[in-house]
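Residue strings, one per chain:
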Amino acid sequence: MSKIIKELPELVEQNVISKEVATKIEHYYLDKQSESPNRLVSVFGVLGALLIGLGIILILAHNWDSFNRTIKTIFAFLPLVIGQLFAGYTIAKKKSKAWRESTGTFLFCAIGSSISLVSQIYNIPGNLGDFILTWTLLALPVIYLLRSNVLAILCLTSVTYYAVEVGYAYYDNEQTPWLYLLVLAAMIPHYLKLLKAQAEANITSIFNWLYPLSLIIVIGSFVKSNEELGFLIYLLLFSLYYGIGKIPFFENQKLRRNGYVIFGSLGIIIMLLMMSFDDFWFMQDFTFNTQETYIAIVLFIVNTIILLRSFQMKYNSSFNLFQYVFIIFTFIYFFGFHVSIIGPILVNLIILILGVTTIKIGSDKFHFGILNYGLLIITALVICRFFDTNMSFVIRGLLFVIVGVGFFLANYLMLKKRKSISKS
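All of these numbers come straight from a predicted model, not from anything done at the bench. The residue numbering used here restarts from 1 in each chain and proceeds along that chain's sequence as written. Note on the predicted model: pLDDT of at least 70 is required for a residue's local features to be given, and 80 or more for side-chain atom pairs to be given and counted; whole-chain, interface and lining totals, by contrast, use all residues. Neither water nor hydrogens contribute to the side-chain values; these are computed over all heavy atoms in the structure.

*Asks:* Got a sec to walk through the packing of helix 6 (residues 149–167) against helix 8 (residues 202–218)? Specific residues and values, please.
*Replies:* At a minimum axis separation of 10 Å, helix 6 and helix 8 run at an interaxial angle of 10 degrees. Comparing the axis directions of helix 6 and helix 8 gives the class roughly parallel. Facing Asn-149, Ala-152, Ile-153, Leu-156, Thr-160, Ala-163 and Val-164 of helix 6, the residues of helix 8 in contact are Ile-203, Ile-206, Phe-207, Leu-210, Tyr-211, Ser-214, Ile-217 and Val-218. Here the contact of helix 6 with helix 8 is composed, by residue class, of 12 nonpolar, 3 polar and no charged. Helix axes use the C-alpha atoms of the stretch in contact, all axes being lines fitted to C-alpha atoms, and the angles between their N-to-C directions lie in the range 0 to 180 degrees. In DSSP terms, a helix is any run of H or I states spanning at least four residues, a strand is any run of E spanning at least two, and both are numbered starting from the N terminus. Here is the rule for angles: anything less than 35 degrees is roughly parallel, anything more than 145 is roughly antiparallel, 65 through 115 is roughly perpendicular, and the remaining ranges are oblique. Residue contacts are defined here by distance: any two heavy atoms, one from each residue, within 4.5 Å place the two residues in contact. Each residue gets one of three labels, nonpolar for Ala, Val, Leu, Ile, Met, Phe, Trp, Tyr, Cys and Pro, charged for Asp, Glu, Lys and Arg, and polar for the others, Gly among them.

In structure tokens, the structure reads:
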């Protein structure tokens, strides 16, 4: 970086670049250099806040039995008071990002420790789910007061844990975690602000992965009495992710920043592969008047709105079967249980077409990752049929040889085509 700055005067002298361009280049690299230490300070500040918070908890825990109730209560609220003082100082003095992130992390730990200590001192009954929810709700407003991304990640993690604890069958009184959706909705404005102001920042990319991952983990807890519809709900969710990921705002970014399209594509293929076996279509029939049915209807409607919006705004320059899978499969799903032979045949056909479509997309974009992903889809389909068909081992072996040759030829032809284009 310093070498480039040193060479700028010579480039100006030789009339390679103008003086204005040289000034802009110098300012760019100096600003970039000044941002790196700030990121490092933020990371170490957050780690320091976590260690301090955990250290205080351990010190208090070691000497806890020797304190009377009044001293215990003071110590229970002391970290929370200190955290609030730091938060007020950070807001009033408009401190740096490192201060905001460190203060938010420490305050999050202080809230959790205060709740747990007060409950222990005064024997307040409760379960782990209620504790996690209360902790998250108290920390939620601080996200917007401090504009802390780390605190948003901690809250997203904790509310996901709450939904898993309450929604899945870990104890007898399992419930549907509807409050998880409210907390998630309350955090969306912070996420939208990041997308608008820092679309290509690393922290925004992290949220592009964490938000869909959280809902993938939790959505199963909304499936209670009508488990057969759970497969359809998951496929509709993955289709929704794929539709969001194909919006130009996400589509124009690097693939590693687009968690929606990756989760959506992988999820669709995995669900279809699971449903491509004959045994799946011999499950019991399902009833319609359940919460699972209403969730599936809502997901289907949202998928349809996104698809129609993409047509209206002309997002789709070419046909992509991934965006239509939710429509095709919903009809197959409802009619396949009545005629069980139709389901697996159509699902296998859809997977094959998706694999071919993905190969074509990878070839058109000259993207080796997408090309090989399409080949992997076909390979996975062949492997699945290896276990549930009565074909001879010779035919099975030939199928694997053909797929292997396809891998080699597709990559070779793509590489050859890219070289010819680069030469021309």
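Read on, since the account is not over.
*Asks:* Provide a residue-level description of helix 9 (residues 228–245), including the pertinent values.
*Replies:* Helix span, as expected, comes to 1.5 Å for every residue beyond the first. For helix 9, with 18 residues, the first-to-last C-alpha span of 27 Å sits near the 26 Å given by 1.5 Å per residue. Three exposure classes are used, based on accessible area relative to the maximum for each residue type with a 1.4 Å probe and protein chains only: buried under 20%, partly exposed in between, and exposed over 50%. Where burial is concerned, most of helix 9 is hidden: 17 out of the 18 residues are buried.

*Asks:* Any details on a nonpolar patch on the surface? Residues and values, ideally.
*Replies:* A cluster of nonpolar side chains, namely Ile-341, Ile-342, Ile-345, Leu-346, Leu-349, Leu-352, Ile-353 and Val-356, defines an oily patch on the protein surface of about 680 Å² accessible area. One can find Leu-349 in helix 14 (residues 342–365). In this structure Leu-349 comes out as partly exposed when scored by relative accessible area, which is 45%. Each patch is built from salt-bridge-free residues with over 30% relative accessible area, joining like charges within 9 Å and nonpolar side chains (Val, Leu, Ile, Met, Phe, Trp, Tyr) within 5 Å. Accessible surface is estimated by sampling points in the Shrake-Rupley manner with a 1.4 Å probe; for residues, cover comes only from the protein chains shown. Whenever a carboxyl oxygen of Asp or Glu lies within 4 Å of a side-chain nitrogen of Lys or Arg, that contact is scored as a salt bridge.

*Asks:* Lay out the nonpolar core in plain terms, naming residues and giving numbers.
*Replies:* Counting residues in hydrophobic clusters, the biggest one holds 81 residues, and the most contacted among them are Met-187, Leu-272, Val-325, Phe-329 and Leu-354. Here this core takes 12 residues from helix 9, the largest share from any one element. The contacts of Met-187, once residues within four sequence positions are left out, are Leu-140, Ile-143, Tyr-144, Ala-152, Cys-155, Leu-156 and Tyr-211. Here, nonpolar core refers to any group of buried Ala, Val, Leu, Ile, Met, Phe, Trp, Tyr and Cys residues whose side-chain atoms link them within 4.5 Å.

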